[in-house]
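Given next are the chains, with one letter for each unit.
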Amino acid sequence: MEDLLAARSQMALSLGFHIIFACIGMVMPFFMATSHYKYLKTGDLHQKNLTKAWSKGVAIFFVTGAVSGTMLSFELGLLWPEFMEHAGPIFGMPFSLEGTAFFIEAIALGFFLYGWDKFNKWFHWFTGIVVGVSGLASGILVVAANAWMNSPAGFDYVDGKYINIDPVAAMFNDAWFTQSLHMTLAAFAAIGFAVAGIHALMLLKNKNKQFHWKAFKIAIVYGGIAALLQPLSGDLSAKDIAERQPAKLAAMEAHFETSKSAPLLIGGLPNEDTKEVDYAIKIPGALSFLAHGDFEAEVIGLDQIPEEDQPPVLITHIAFQVMVGLGMIMMALSLLYFFSHWKNKNWQTKRWYLWLFVLATPLGFIALEAGWTVTEVGRQPWIINGFMRTKDAVTPMPGIFYSFLIFTAVYVSLSFIVTFLLYRQIKAVPTTYEEGKDQKKALTPQ
Amino acid sequence: MLYVVIIFLCLAILLYLLLGGADFGAGIVELITPVKLREKMRTIAYETIGPIWEANHMWLIITIVILFVGFPTIYTVLSVHLHIPLLLMLLGIIGRGTAFIFRHYDAVKDDMQRIYNIIFTYSSFITPLFLGIIAGSMIAGEIDTNATTFYSGYIQPWFNYFPISVGLFTVSICGFLAAVFLMGEAADKEIKAAFTRQAKVLNIATVIAGGIVFLAAEIEGISLMRELVTNPFTLVILLLATASLVLLWYFLGKNKKVLTRLIAGFQISMILFAVGLHYFPDFIILKGGNNLSLYNSAAMGKPIITLGWALLIGGVFIIPSLVYLIYSFQRNRSVS
Ligand code: HDD
Ligand code: HEM
Ligand code: HEM
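Note that the coordinates shown come from a computational prediction; the quantities given were computed from them, not determined experimentally. (Residues numbered from 1 in each chain as written. Chains lettered and ligands numbered in written order. Predicted model: local features only at pLDDT ≥ 70, side-chain atom pairs only at ≥ 80, totals over all residues. Heavy atoms only, no water.)

(A) Up close: the interface of chain B and chain A. Contacts between the two partners involve 60 residues from chain B and, on the opposite side, 62 residues from chain A. Taking both partners together, chain B and chain A bury about 5500 Å²; carbon and sulfur atoms supply 81% of that area. Area buried by chain B at its contact with chain A is led by His 83, Phe 102 and Tyr 105 of chain B, which between them contribute 12% of it. There are one salt bridge connecting chain B and chain A. The partner of Asp 166 of chain A in a salt bridge is Lys 302 of chain B, with the nearest N and O atoms 3.8 Å apart. Put simply, chain B and chain A have four residue pairs in polar contact (both at pLDDT 80 or more) between them. (Contact = heavy atoms within 4.5 Å. Buried area = accessible area lost by both parts, 1.4 Å probe. Salt bridge = Lys/Arg side-chain N within 4 Å of Asp/Glu carboxyl O. Polar contact = N/O pair within 3.5 Å; in protein donor to acceptor, adjacent residues only side chain to side chain.)

Given below as structure tokens:
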């Protein structure tokens, strides 16, 4: 494997792995704070057990998120030294603020996990909220850094040098808001559906019904609201890209030729040689409307982008279709939940109903990974859009393939262990938190 | 502002060595603890280190962020030429962090525990070893930015006596710090005695390893020893560190928790301080002499200014809450 390809694969693998855990760190604290709040208000022991059961899961994920994040801060330099040498001082601002956010998160987590029955209960609850808010803040900050790679700002590029650096302007680049908004919603949607799915499975198995039903409800309300807002925010992102990164938009939509009232393609297999898209459903004018809010508008196609600046079309297009398709399914499921909640509670006990949510467990994560593929692969061949090419940024050290192999082995084994541990946690729920019986035991802190 | 950033950088490195070091050291101590006491020792380690574990490794991340934002050339040169030891250190960090949490949170306690323990103890050894190797390579003067072969570019910079001896030195420092720390936390007599014994053994090991570092420096032609001793300032610092050894041994026998910790921390800080002072402002000694210093590689202007502000503002939030975290768990432990 060529070094550049190995480095790209390693980066993609590490980020794709980290994002899963990062989302858990951003979202689960809010779920826990909700059940914790309900417990404190009503004294419902299920809610307390739920908070504890979730927090044990989160501790496992949190450490995996932390170590994979630590690896990333080194990998940026290990794999892309040339990029970091120039970009570090420019887009470093969010990272240095993120350091603070992480710290606060870590400190608050120390209080939260180890503080049961040791502090004032509302102080303890509040530390949980702090974990969530600072996790969210760090997510938004890194995404702002990534947005800078898509939409560079805050410097002048003169004779190959990056001068007049302004880190604040770099952080508030044009893309930071749309990307952070979309990412935050994605995190809530993905985790909401995943958690709801797991508890739905438990309900199907008729285990601890009350416990799992309460868990399901908290998760699906968060996830459902996010999934309803997601397409709106996605549309904002798409309009933004049409302005800023026409090459990415063209690749996403497999739009080979510049045209007015461009059609939106649903599905389809782009053929990069013939510049045709096979098997696609075309909706006339819809792409023009989505990108520019006007059915007649001209949409730039790949023919206007120099060959050497074109991103890979096949991957970007498929990833985009996957994200949008899954987003639609999740939106429909959210509507189903809210409808059943208000109109037809009966459905909620039906097997088909629960099965739908069980099947939806991984959808948010798949959409999330697909969305990042769109963003990152769609930016190629640039690492800093329009300024530095990925191939010029890669480390001079040979043999990156071996490091890629090592990382793959590490991530694969970590995934196995984490899944295994989570499986054991979930299996242990009925014994640790048996309903009614043994409530005393469940009450004592570990 | 450059000085604010430099102070934070030094502070982050020092705190990582002290707090993170005690954390790594727990694994090293576990490695040399008699098997029958290990279970109890793990419980103590978990209770004392668990709540602050996350915060400890943040110092490393802060260090990295300060480097890539404020001193990008330093960060790049390190990541290119010390790629291999950095990678190995990372593997150690992953191994110990995950094993530490997994073994506690695994809902079923079975044979998996053995595996977690093995990973935890060995990666606790590997991480500080390579951390020290990296630190040693920075002053060994073998990093060659014009290297033409794989060996001279990516192996030679760290694979020689001096960095490796610094690595071993770091391992013993971490073990020593952990033993001193855990000693104060153990309520059980037998365990306490075991930790005290280990603190002594590891202290001796540290002194010996320190001697080896100087020897290795001589072999590699690094005039570290002579220069540290001839500069009156660093000489005084080193003498203070040595003198405090006597105090340390005295208090180790007397079972004084706070004093022993302070002295141990003082010793390690003094060693780092002497070496840091000796090289300041140089950060990486390059082959051929074009050293990278904290002055010549700083991203002057707005990047340093905003970084300084970010650190100051962060410090206002972080330091009080960290102190409160440590304080409240200490108090809770002594109450229970
Ligand atoms: C649960 C996950 C999820 C779902 C259901 C969706 N997205 Fe998304 N999308 C993401 C998760 C995501 C993401 C992984 O979070 C990305 C990658 C970068 C980013 O900021 O968000 C993303 C990026 C992303 C981009 C590229 C942004 C850029 O490169 O700057 C666009 C245009 C869209 N999305 C549009 C949509 C539309 C129109 C959706 C309609 C349903 C949609 N997304 C659903
Ligand atoms: C966590 C979510 C993210 C995922 C899943 C992700 C995914 C990817 C993928 C698939 C690639 C390879 C693209 C290719 O070479 O074809 C890549 C490259 C890269 N990403 Fe991201 N990315 C994420 C977030 C970020 C963030 C927040 C940053 C930095 C602030 C970042 C920095 C980079 C860099 C430096 C590269 C290598 C250069 C390049 O290929 O352009 N990524 N990422
Ligand atoms: C879109 C992409 C990303 C998001 C949303 C994100 C978000 C987060 C969050 C919420 C955490 C908290 C850990 C947890 O709760 O499990 C975390 C951890 C971490 N992330 Fe990321 N991150 C992203 C990409 C990156 C990149 C590119 C880097 C490196 C440059 C990075 C560095 C770190 C580090 C060092 C940690 C560990 C901090 C700790 O110990 O808590 N992250 N990330």
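What follows picks up the thread again.
(B) Fine view of the nonpolar core. Trp 80, Phe 83, Trp 148 and Phe 357 of chain A together with Phe 71 and Ile 284 of chain B are the most contacted members of the largest nonpolar core, which totals 224 residues. By residue number, the principal contributor to this core is helix α2 (residues 35–70) of chain B, which donates 17 residues. Residues contacting Trp 80 of chain A, with those up to four places away along its chain left out, are Leu 4, Ala 7, Arg 8, Met 11, Glu 75, Ile 383, Thr 390, Ala 393 and Val 394 of chain A. (Core = buried A, V, L, I, M, F, W, Y, C linked by side-chain atoms within 4.5 Å. Buried < 20%, exposed > 50% of the residue type's maximum accessible area, 1.4 Å probe, protein only. Helix = DSSP H or I, 4+ residues; strand = E, 2+ residues; numbered from the N terminus.)

(C) Just a negative patch on the surface, in detail. Together, Glu 257, Glu 276, Asp 278 and Asp 303 of chain A make up a region of like negative charge exposed at the surface. Note that Asp 278 of chain A resides in strand β6 (residues 276–278). (Patch = residues over 30% accessible without salt bridge, like charges linked within 9 Å, V, L, I, M, F, W, Y side chains within 5 Å. Areas by Shrake-Rupley, 256 points an atom, 1.4 Å probe, with all protein chains shown as cover. Lys, Arg positive; Asp, Glu negative; His and termini not counted. Charge placed at Lys NZ, Arg CZ, Asp CG, Glu CD.)

(D) Summary view of helix α8 (residues 189–219) of chain B. Taking 1.5 Å of rise per residue, the 31 residues of α8 of chain B would be expected to cover 45 Å, and the 45 Å separating its terminal C-alpha atoms lies within 8% of that figure. Immediately downstream of α8 of chain B, the backbone of Gly 221 of chain B shows phi near 75°, a positive value. (Expected span 1.5 Å × (residues − 1).)

(E) Quick look at the coordination of the iron atom of ligand 1. All names here are of chain A. Surrounding the iron atom of ligand 1 are the protein donor atoms His 182 (NE2) and Met 323 (SD), at 2.0 to 2.3 Å. Coordination at the iron atom of ligand 1 is octahedral, judged from the six donor atoms that bind it and the angles of 82 to 179° they form at the metal. Pair noted here: His 182 is in helix α6 (residues 176–204) and Met 323 is in helix α10 (residues 313–342), with a separation of 141 residues, a long-range link. Across the pair, Met 323 and His 182 agree in class, each one buried. (Donors = N, O, S within 2.8 Å, 3.2 Å for Na, K, Ca; no water. Tetrahedral: all angles 85-135°; square planar, octahedral: opposite > 155°, others 65-115°.)

(F) Seen up close, the packing of aromatic side chains. Scanning the model with the defined rule gives 39 aromatic pairs over all chains in all. When the ring of Phe 338 of chain A is compared with that of Trp 342 of chain A, the centres are 5.9 Å apart and the planes differ by 25°; the resulting orientation is stacked. Of this pair, Phe 338 of chain A and Trp 342 of chain A both sit in helix α10, separated by four residues, roughly a single helical turn. Grouping aromatic residues by their ring pairs yields a cluster made of Phe 83, Phe 91, Phe 95, Trp 148, Phe 155, Tyr 157, Tyr 162 and Phe 387 of chain A together with Phe 68 and Tyr 75 of chain B. In this structure, Arg 389 of chain A packs its charged tip against the face of Trp 382 of chain A, placed 4.3 Å from the ring centre. (Phe/Tyr/Trp six-rings, centres within 6.5 Å; stacked < 30°, edge-to-face > 60°. Lys NZ or Arg CZ within 6 Å of the ring centre and 35° of its normal.)

(G) Structural view of the confidence of the model for chain A. Residue and element names in this part refer to chain A. Here chain A averages 85 in pLDDT, while 96% of its residues score no lower than 70. Per-element averaging of pLDDT across chain A places helix α15 (residues 439–443) at the bottom with 39 and helix α12 (residues 363–377) at the top with 94. Low confidence marks residues 434–446, where pLDDT is under 50. Its contacts with residues over four positions away, or in another chain, come to 22 contacts. (pLDDT = per-residue confidence, 0-100.)

(H) Seen up close, the site of ligand 2. Residue and element names in this part refer to chain A. Near ligand 2 lie 22 residues; those nearest to it are Arg 8, Leu 15, Glu 376, Arg 379 and Gln 380. Asn 146 is positioned with one of its side-chain polar atoms (N or O) 3.3 Å from a nitrogen atom of ligand 2. Here a nitrogen atom of ligand 2 sits 2.6 Å away from a polar atom, N or O, in the side chain of Glu 376. Counting residues per element, the ones that place at least two in the shell around ligand 2 are α1 (3–42), α3 (81–114), α4 (121–150), α12 and β9 (382–384). The element contributing the most residues to the shell around ligand 2 is α1, with six residues. Its residues assigned to classes, the shell around ligand 2 shows 15 nonpolar, four polar and three charged. (Near = heavy atom within 4 Å. Nonpolar A, V, L, I, M, F, W, Y, C, P; charged D, E, K, R; others polar.)

(I) Main features of the coordination of the iron atom of ligand 3. What the protein offers the iron atom of ligand 3 as a donor is a single atom, His 18 of chain A (NE2), at 2.1 Å. Among the structural elements, His 18 of chain A can be located in helix α1.

(J) Representation of a nonpolar patch on the surface in the model. Residues and elements named next belong to chain A. Where nonpolar side chains cluster on the molecular surface, the patch consists of Leu 269, Tyr 279, Leu 314, Ile 315, Ile 318, Val 322 and Ile 366 and spans about 640 Å² of accessible area. If you tally residues by element for the nonpolar patch, the top one is α10, at four residues. As for its position among the elements, Tyr 279 is in the loop between β6 and β7 (281–283).

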